[in-house]
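One-letter residues, chain by chain:
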Amino acid sequence: MPPRIRRLSRSRALALSRGADLGRGVRCGAYVIVTVFVHPGRGAVTIWMPVEPEASELLTRSPLALLIAMLLDQQVPLERAFSAPLDLVRRLGHEPTAAELAEFDPDALAVIFSERPALHRYPRAMAARVQDLARLIVEQYDGEASRVWESAESGAELLKQVSALPGFGAQKAQILVALLGKQLDVRPKGWQQAAGAFGAAGTHRSVADITDEKSLGQVRSYKQALKAAAKATSTPG
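Parameters and conventions
- Residues numbered from 1 in each chain as written.
- Predicted model: local features only at pLDDT ≥ 70, side-chain atom pairs only at ≥ 80, totals over all residues.
- Heavy atoms only, no water.
- Helix = DSSP H or I, 4+ residues; strand = E, 2+ residues; numbered from the N terminus.
- Buried < 20%, exposed > 50% of the residue type's maximum accessible area, 1.4 Å probe, protein only.
- Contact = heavy atoms within 4.5 Å.
- Salt bridge = Lys/Arg side-chain N within 4 Å of Asp/Glu carboxyl O.
- pLDDT = per-residue confidence, 0-100.

**Details of the environment of Ala 145**
Thinking step 1. Looking at where Ala 145 falls in the secondary structure, it is placed in the loop between α6 (123-141) and α7 (147-150).
Thinking step 2. The exposure class assigned to Ala 145 is buried, which follows from its relative accessible area of 4%.
Thinking step 3. Spatially, the C-alpha atoms of Ala 145 and Leu 64 are 5.2 Å apart, while their sequence positions differ by 81 residues.
Thinking step 4. Contact partners of Ala 145, with chain neighbours within four places excluded, come to Pro 63, Leu 64, Leu 67 and Ile 137.

**Section: the pattern of salt bridges**
Thinking step 1. Tallying each qualifying case throughout the model produces 12 salt bridges.
Thinking step 2. With a closest N to O distance of 3.4 Å, Arg 135 and Asp 132 form a salt bridge. In this pair, Arg 135 and Asp 132 both sit in helix α6, three residues apart, roughly one turn of the helix.
Thinking step 3. Look at Arg 135 and you get partly exposed, because its relative accessible area is 32%.
Thinking step 4. Relative accessible area serves as the criterion here: at 33%, Asp 132 is assigned to the partly exposed category.
Thinking step 5. Salt bridges sharing common partners tie together Glu 52, Glu 54 and Arg 90.

**Remarks on the confidence of the model for the protein chain**
Thinking step 1. Per-residue confidence for the protein chain gives a mean pLDDT of 84; residues scoring 70 or more make up 80%.
Thinking step 2. Every residue in residues 1-44 scores below 50 in pLDDT, and together they form 89 contacts with partners more than four places removed in sequence or on other chains.

Okay, structure coming up:
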């Protein structure tokens with residue numbers, strides 16, 4: 001009996017990779033059918049981060065990996081956060097599903113996160129947070145991380161659903177909404193308003209605006225300017 005292939009949203013398409021175990025998708029003979037994001041007029045979209053190409057490719061095609069990276073993007077360099085999902089895959093020997101992570105032995109997962117180089121500055125705490133994220137995805141989205149945004153009918157609903165994810169505060173939620181809209185064409189009505197300042201076109205405020213080395217430098221310059229301004233304000237005159 002042939003495997004069932006679920007209907008894809010308009011922002012996604014099917015890609016075939018011969019002989020490779022790409023984890024998320026449907027295996028059919030010698031092929032694995034995986035989902036990738038597609039932007040109208042531009043074809044397949046690849047998230048660019050200052051990490052190895054395989055890590056960026058994983059972030060592009062795996063919604064769960066993208067959510068994990070965004071979750072880990074705090075108190076560590078973005079290179080560490082956005083390469084961590086691939087490191088996790090390599091340590092496990094395969095791409096985990098949300099269900100697998102949700103049911104993983106907490107102590108064992110903490111050990112995996114703590115292996116050098118650790119996947120985060122606080123590996124045990126973040127392993128627990130990733131597990132909380134996986135459990136919510138299983139309980140509320142049938143284990144499909146992409147449904148966090150595919151099920152949203154408006155920007156406000158998208159922001160609400162992202163904000164409900166463990167570890168996603170107000171700013172991080174808006175940044176993810178902006179990244180989805182700017183880079184992956186996930187644009188329900190009102191997404192830019194929901195993303196706030198991070199949704200504005202032509203800005204370089206966050207990871208949502210990083211697409212190459214130049215934009216990476218612009219985002220870092222913006223953040224350095226913010227830190228300098230904050231320091232100047234807090235320093236007694």
